[in-house]
Amino acid sequence: MSRTDLAFLVSQYRAVEILDALARKSLALRDLRVQTHASRRPLARTLRLLGAHGMVRRTHPGSWDRLRPVGRYELTRQGHELADQLSVLDVWTDLYEHYL
């Protein structure tokens, strides 16, 4: 993933908190809201964005646009790699110096 794409993703509403929470275990939307202290609609929007970039998947098939999504959310392999990458201080230093 390019640094520009990475900067875009981490600048989204609660994206880093979502990745961090899901790196530990899969969560239902309600539990994810509690752990990230996020509002439902913006959280759902960020989850759809992370899903479109291949970082997050839902365990229940169907549309991501449902008003009341069902199932649990979990990181994909790429999502875990991104979460690991974000645990490195040099990555954040580079992002702040060049992109954020």
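Going by the structure above, here's the rest.
What you see is a predicted model, and the numbers here were worked out from it, not measured in a lab.

Novice: Please clarify how the pattern of salt bridges should be interpreted in this entry.
Specialist: Pairing is possible between side chains of opposite charge, provided their charged atoms come close. According to the stated counting rule, one finds 4 salt bridges in the structure shown. The residue glutamate 17 makes a salt bridge to arginine 14 at a minimum N-O spacing of 3.7 Å. The partly exposed category is assigned to glutamate 17, whose relative accessible area is 35%. A residue is classified by how much of its surface remains accessible, and arginine 14, at 29% relative accessible area, is partly exposed. The residue glutamate 81 makes a salt bridge to arginine 77 at a minimum N-O spacing of 2.7 Å. Here glutamate 81 pairs with arginine 77, and both are found in helix H5 (residues 77-85), just 4 residues apart, close to one helical turn. Looking at glutamate 81, the relative accessible area reads 44%, which means it is partly exposed.

Novice: What am I meant to see in the environment of histidine 98 here?
Specialist: Note that histidine 98 resides in helix H6 (residues 89-98). Since its relative accessible area comes to 53%, histidine 98 is described here as exposed. Sequence separation of histidine 98 and arginine 3 is 95 residues, and the distance between their C-alpha atoms is 8.9 Å. At a separation of 2.8 Å, a polar atom in the side chain of histidine 98 contacts the side chain of aspartate 94.

Novice: Help me out: how do you make sense of the nonpolar core in this one?
Specialist: Burial of nonpolar side chains together is a common tendency in soluble globular proteins. Among the nonpolar cores identified, the biggest contains 25 residues, and Leu22, Leu32, Leu47, Val56 and Leu86 are the most heavily contacted of them. Among the elements of the structure, helix H1 (3-10), helix H2 (15-24), helix H3 (29-36), helix H4 (40-52), strand S3 (72-75), H5 and H6 are those that each provide at least two residues to this core.

Novice: It is not clear to me how the packing of H3 against H4 should be interpreted in this structure. Could you clarify?
Specialist: Any two packed helices are characterised by the angle at which their axes cross and by the distance between the axes. Taken N-terminus to C-terminus, the directions of H3 and H4 make an angle of 105°; their axes are 11 Å apart at the nearest point. Relative to H4, the element H3 is oriented roughly perpendicular. Two secondary-structure elements touch here, H3 through Leu29, Leu32, Arg33 and Thr36 and H4 through Arg40, Leu43 and Leu47.

Novice: Would you take a moment to explain the side chain of threonine 76 for this structure?
Specialist: Its location among the elements puts threonine 76 in the loop between S3 and H5. For threonine 76, a relative accessible area of 11% translates into the label buried. Not counting residues up to four positions away in its chain, the partners in contact with threonine 76 are Gly54, Met55, Val56 and Arg57.

Novice: For this particular structure, what's the right way to read the sheet that holds strand S1 (residues 27-28)?
Specialist: Adjacent strands of a sheet pair through backbone hydrogen bonds, lying either parallel or antiparallel. The strand order across the open sheet built from 3 strands is S1-S3-S2, with neighbouring strands paired in antiparallel fashion. Among the strands making up the open sheet, the edge pair consists of S1 and strand S2 (56-58). Strand direction decides the pairing type here: S1 and S3, joined by 2 bridges, are antiparallel. Paired with alanine 28 across the bridge in S3 is arginine 72. Across the sheet, H2 lies against S1, S2 and S3, angled at about 95° from S3, the strand it touches most.

Parameters and conventions
- Counting restarts for each chain, with residues numbered from 1 along the sequence as it is written.
- In keeping with the model being predicted, local features are shown solely for residues with a pLDDT of at least 70 and side-chain atom pairs are shown and tallied solely at 80 or more, while totals for entire chains, interfaces and linings include all residues.
- Hydrogens are left out, water is left out, and the side-chain values use all remaining heavy atoms of the structure.
- In what follows, salt bridge is the name for a side-chain nitrogen of Lys or Arg lying within 4 Å of a carboxyl oxygen of Asp or Glu.
- Burial classes: relative accessible area under 20% of the type maximum marks a residue as buried, over 50% as exposed, and values in between as partly exposed (1.4 Å probe, protein chains only).
- For helices the rule is a DSSP run of H or I covering at least 4 residues; for strands it is a run of E covering at least 2, with both sets numbered from the N terminus onward.
- A 3.5 Å cut-off defines polar contacts: any pair of N or O atoms within that distance qualifies, except that in protein one atom must be a possible hydrogen donor and the other a possible acceptor, and neighbouring residues in sequence count only when both atoms are side-chain atoms.
- Here, the term nonpolar core denotes a set of buried Ala, Val, Leu, Ile, Met, Phe, Trp, Tyr and Cys residues that are joined through side-chain atoms within 4.5 Å.
- Every angle, taken between N-to-C directions, lies between 0 and 180 degrees, and every axis is a line fitted to C-alpha atoms, over only the stretch in contact when it is a helix.
- Should an angle fall under 35 degrees it is taken as roughly parallel, and over 145 as roughly antiparallel, whereas 65 to 115 is taken as roughly perpendicular and any remaining angle as oblique.
- Contact definition: two residues touch when any of their heavy atoms are within 4.5 Å.
- Strand pairing is defined by DSSP finding a minimum of two bridges between the two strands.

Purely geometric numbers; function is a separate question.
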